Amino acid sequence: MLLAAAVLLALTSCSAGQSAHTSGSETGGGAPVVFRAATDDPVVFLTIDDGAVRDAAMTTVLKKAEVPASLFLTSDYAVDEPEFFRRLRDETGSRIEGHSIDHSDLKGRDFADQKRQICRPARSYTKAFGKRPRLFRPPYGSYDETTLRAADECGVSRVVLWSAEIKDGTMSFAAADRLRPGDIVLMHFGDNFREDVREFVTQADRSGLRPALLEEHLE
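Residues numbered from 1 in each chain as written. Predicted model: local features only at pLDDT ≥ 70, side-chain atom pairs only at ≥ 80, totals over all residues. Heavy atoms only, no water.

Caption draft 1: Here's a closer look at helix α4 (residues 82-92). Within α4, the full set of buried residues consists of P82, F84, F85, L88, R89 and T92. Seen end-on, α4 carries its buried residues on one side only, within an arc spanning 160°. Summarising the contacts, the buried residues of α4 are in contact with α2 (57-65), β4 (69-73), α3 (75-78), β5 (95-98) and α5 (111-129). G93 sits one or two residues past α4 and shows a positive phi near 70°. (Buried < 20%, exposed > 50% of the residue type's maximum accessible area, 1.4 Å probe, protein only. Helix = DSSP H or I, 4+ residues; strand = E, 2+ residues; numbered from the N terminus. Arc of directions from axis to C-beta. Contact = heavy atoms within 4.5 Å.)

This is the structure:
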């Protein structure tokens, strides 16, 4: 949670109309990092991490809420029950993206190790889910220049962080006290899934925003 808090704190200097991002070229090359999508459309994006907790009701929750999500799956969890994630994706209009093999902190590791953590799930997801992930989220939001270079070599178009986070039914914001157009919201596959989705919808409505699919605003 300290790293998550640090990510949010780093964004507080971004103005409401600014897209917080760091291009790969500005950090030594590699895939660009995004915290928010650069858009004036009244949209906000839900991203759901890991996949440790899996419940069939999660699909129903997202369908009823009419919320598509970017599912950043840890490979160790995704391969346990790929049919669960296929159904969740297909019935909610979501996408499946990469989140490493085993949720290890990548920062400081050598290039070969980081590339393995990013490329191996990308290859296995192509086989299991029919499409290669184009986005990657480093575990804990922790990365370095090596991560960005490895991601680029693995075919990643964006390294995605976040600008707001939901935990235990409560949302924390990077700036101000509400969501802004283009915000990327982090939550997890956890026991409070229903409450967290409800909070996402509540905060989106409060800000006059509609849930949308992140991938469609980064391509």
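Caption draft 2: Spatial organisation of the state of the cysteines. Overall, the coordinates contain one disulfide when judged by the stated rule. With a sulfur-sulfur separation of 1.8 Å, C119 is cross-linked through a disulfide to C154. A torsion of -105° about the S-S bond marks the disulfide between C119 and C154 as left-handed. Here C119 is found in helix α5, whereas its partner C154 is found in the loop between α6 (145-153) and β7 (158-160), with 35 residues between them in sequence. By relative accessible area, which is 6% here, C119 ends up buried. Classification of C154 by relative accessible area gives buried; the value is 2%. (Disulfide = S-S within 2.5 Å.)

Caption draft 3: Inspection of the pattern of salt bridges at higher detail. Applying the stated criterion across every chain yields a total of 13 salt bridges. A salt bridge links K115 to E153; the nearest nitrogen and oxygen atoms lie 3.1 Å apart. Taken together, the positions of K115 in helix α5 and E153 in helix α6 put the pair 38 residues apart, joining distant regions of the chain. Since its relative accessible area comes to 28%, K115 is described here as partly exposed. Overlapping salt bridges, with partners in common, bring together R36, R180 and D183 in one network. (Salt bridge = Lys/Arg side-chain N within 4 Å of Asp/Glu carboxyl O.)

Note that all results are geometric; they support no functional claim without further evidence.
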